[in-house]
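# Coordinate inspection notes
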Amino acid sequence: MPAANTSDTTGPTTQIPAPRAPEREASLAAPEPGAPESTASLAAPEPGAPGSGAPVAAARPRRLAGIAAAWPALLLYATLRATGLITFWLIATEKHRDMWAQLGRWDAGWYTGIVARGYDAAFQYRPDGTPLPSNLAFFPLYPGLTWLADRVVPGDAAVAGLAIAWTAGLAAAWGLFAVGAHLHNRRTGVLLAGLWAVIPHALVESMAYTETLFTALCAWSLFAVLRRHWVTAGLLCSLAGLTRPTGAALVTAVGLAALVAVVRRRDGWRPWLGGLLAPLGFAGYVLWVGDRLGRTDGYFRVQKDTWNMYYDNGWYTLTTARTLVTGKSDLAIVMCTVVLLAAIALFVALSADGRAWPLAVFSLVVIAMVFFGHGYYHAKGRLLIPAFPVLLPIASALAAAHRRTVVAVLTTLAVVSATYGVYVLLFWTHSP
């Protein structure tokens with residue numbers, strides 16, 4: 001703050017020096033080359049750089065992201081998820097369906113199969129010559145962690161998979177809190193974790209799926225980017241790239257942020273190393289599949305030939321969505337369309353905040369991958385679960401609202417989420 005000048009009608013003009021900033025607020029100035037890795041926030045880019053806008057608030061102490069500060073977010077997340085699970089258990093029991101079996105269906109079965117038998121060594125074919133679905137489409141970090149947990153967690157690999165997913169859900173909620181608190185305040189961080197617990201497809205966060213693990217790695221990697229901890233960001237991004245193909249979105253965000261830091265000559269060698277580490281997990285698995293199948297495009301052939309998943313110009317998404325106005329559609333199709341449209345609208349709101357541009361880049365690529373992806377329209381809502389930054393505008397608005405408004409919004413969303421979760425696992429005949 002510039003010095004303030006005050007004048008007295010009876011005496012000379014006196015210049016009062018500006019008060020010194022509190023010591024807890026770190027400077028946003030770039031560190032000198034060779035200095036220790038900065039704990040300052042990622043300042044907004046200069047004019048012309050991606051996401052130019054107001055600078056991020058000064059870095060806060062590490063304790064702001066610690067468990068002592070984050071426990072309300074973890075408690076809120078766990079409470080809301082428990083509410084959804086109890087609702088599901090009650091209705092599943094009434095329908096004579098085993099809750100645990102339902103939580104281990106669909107993709108969860110593929111992961112336990114990898115734990116038990118490993119990856120396919122080649123394409124397998126039906127009698128008519130068409131290829132069977134291959135487990136090479138599933139990235140290795142989650143089944144690898146499940147295999148390790150199966151050695152120590154009582155029960156079978158399915159129980160171990162749930163243990164990993166539930167633990168990762170808490171880690172993700174913690175990471176969401178850290179991001180929200182860093183960019184805004186603690187209340188925003190808590191509400192961001194709470195909102196993520198009651199999105200329409202939130203029941204998947206309680207299944208033996210990779211969504212929680214991937215979101216946790218993305219949240220903490222992006223938090224590291226905002227703090228300019230480039231090596232940490234790159235390592236976590238590499239692990240995310242071993243979890244889901246959507247890891248390409250995080251690679252893009254971390255890589256671009258590191259490139260901006262390099263161009264501005266910030267933080268010495270660290271953004272170079274972070275940027276180099278970021279794509280290793282994703283690229284490593286894709287190359288490994290290619291080597292295993294004896295062709296460089298092996299992974300992409302697995303996706304297209306055995307799962308009918310590839311990228312088009314968005315025509316598949318548009319034509320499927322058009323059935324909402326031209327004919328009868330299932331609830332799963334309606335919900336996925338609503339979620340996709342909401343994600344696009346919320347992305348626009350998020351991108352207006354120049355402080356969060358790495359998060360906006362990540363969200364944009366996730367949304368683009370979902371929109372331009374061909375096939376499995378009913379799963380597009382689930383595929384958007386990791387795009388948590390688009391919830392930031394809502395969390396920030398709720399943080400400034402009256403407590404009654406917050407309770408009403410979270411309660412309404414919890415009811416919708418629990419109801420849709422029951423539908424998608426007990427009545428819908430395809431994967432969530």
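Residues numbered from 1 in each chain as written. Predicted model: local features only at pLDDT ≥ 70, side-chain atom pairs only at ≥ 80, totals over all residues. Heavy atoms only, no water.

## Quick look at the overall build of the protein chain
Cut-off, in case you're wondering: Helix numbering and strand numbering both begin at the N terminus, where a helix is a DSSP run of H or I of at least 4 residues and a strand a DSSP run of E of at least 2. Think of it in three bands: residues with accessible area under 20% of the maximum for their type are buried, residues over 50% are exposed, and the middle band is partly exposed, with areas taken using a 1.4 Å probe on protein chains only. Note on contacts: a residue pair qualifies if any of its non-hydrogen atoms lie within 4.5 Å across the two residues.
What the protein chain contains, in helices and strands, is 18 helices and four strands. Scored against the burial criterion, the 432 residues of the protein chain give a buried share of 50%. The long-range fraction of contacts in the protein chain, counting pairs at least 24 apart against all pairs at least 6 apart in sequence, stands at 75%.

## Section: helix 13 (residues 315-326)
For the record, the criterion: Residue count minus one, scaled by 1.5 Å, sets the expected span of a helix. Our arc is simply the arc of the directions from the helix axis toward the C-beta atoms.
Over its 12 residues, helix 13 runs 16 Å from end to end, which matches the ideal 16 Å to within 8%, given 1.5 Å per residue. Regarding helix 13, the residues found buried are Tyr316, Thr317 and Thr320. Looking straight down helix 13, one finds that the buried residues subtend no more than 105 degrees of arc, so they occupy a single side. Those residues of helix 13 that are exposed and angled more than 90 degrees off the buried face are Trp315, Val325 and Thr326. Close packing links the buried residues of helix 13 with helix 14 (331-351), helix 15 (357-371), strand 4 (373-374) and helix 16 (380-383).

## Things to note about the pattern of salt bridges
Operational definition: Think of a salt bridge as a Lys or Arg side-chain nitrogen and an Asp or Glu carboxyl oxygen that are within 4 Å of each other.
Evaluation of the coordinates by the stated rule reveals eight salt bridges. As a salt-bridge pair, Arg151 and Asp150 come within 3.9 Å of each other at their nearest N and O atoms. Between Glu211 and Arg244 there is a salt bridge, with its nearest N and O atoms 3.4 Å apart. Of this pair, Glu211 sits in helix 7 (residues 211-226) while Arg244 is found in the loop between helix 8 (230-240) and helix 9 (247-263), placing the two residues 33 residues apart along the sequence. Look at Glu211 and you get buried, because its relative accessible area is 0%. Classification of Arg244 as buried rests on a relative accessible area of 9%.

## Some thoughts on the packing of aromatic side chains
Our working definition: For Phe, Tyr and Trp, where Trp contributes only its six-membered ring, two rings pair if their centres lie within 6.5 Å, and the inter-plane angle classes them as stacked under 30 degrees, edge-to-face over 60, or tilted in between. By definition, being over a ring means that NZ of Lys or CZ of Arg is both within 6 Å of the ring centre and within 35 degrees of the ring normal.
For the coordinates displayed, the defined rule picks out 21 aromatic pairs. On the basis of an interplanar angle of 85 degrees and a centroid distance of 5.6 Å, the ring pair of Phe138 and Trp307 is categorised as edge-to-face. Here Phe138, found in the loop between helix 3 (107-117) and helix 4 (141-150), pairs with Trp307, found in helix 12 (residues 298-307); they are 169 residues apart in sequence, far enough to count as distant. What makes Phe138 buried here is its relative accessible area of 8%. Judged by centre distance (6.4 Å) and plane angle (65 degrees), the rings of Tyr316 and Tyr377 are edge-to-face. Of this pair, Tyr316 sits in helix 13 while Tyr377 is found in the loop between strand 4 and helix 16, placing the two residues 61 residues apart along the sequence. Tyr377 gets classed as buried once you look at its relative accessible area, which sits at 2%. Following the ring pairs from residue to residue traces out a cluster consisting of Tyr119, Phe139, Phe282, Tyr285, Trp288, Tyr299 and Phe300. The ring of Tyr310 carries the charged tip of Lys304 above its face, separated from the ring centre by 5.1 Å.

## Considerations on the side chain of Arg382
Along the chain, Arg382 falls in helix 16. Residue classification places Arg382 among the buried positions, given a relative accessible area of 6%. Residues in contact with Arg382, not counting those within four places in the same chain, are Asp107, His201, Val204, Tyr209, Glu211, Arg244 and Pro432.

## Focus on the environment of Tyr377
It is 8.8 Å that separates the C-alpha atoms of Tyr377 and Ala332, two residues lying 45 residues apart in sequence. For Tyr377, the contacting residues outside a window of four places in its chain are Tyr316, Thr317, Thr320, Ala321, Ile333, Cys336 and Thr337.

## A short note on the nonpolar core
Quick reminder of the rule: The set of buried Ala, Val, Leu, Ile, Met, Phe, Trp, Tyr and Cys residues whose side-chain atoms join them within 4.5 Å is what this entry labels a nonpolar core.
Within the largest apolar cluster, 124 residues are counted, with the highest numbers of intra-cluster contacts made by Phe88 and Trp196. If you tally residues by element for this core, the top one is helix 5 (residues 157-183), at 13 residues. For Trp196, the residues in contact, after removing those within four places along its chain, are Tyr77, Gly169, Ala172, Leu176, Ala202, Glu205, Thr212, Thr215, Ile385, Phe388 and Leu391.

## Considering the confidence of the model for the protein chain
Using the following cut-off: A residue's pLDDT is the confidence the predictor assigns to it, expressed on a 0 to 100 scale.
Per-residue confidence for the protein chain gives a mean pLDDT of 88, with 85% of residues at or over 70. Across residues 1-61 the pLDDT falls below 50, and counting only partners more than four positions away or on other chains, this stretch makes 106 contacts in the model.

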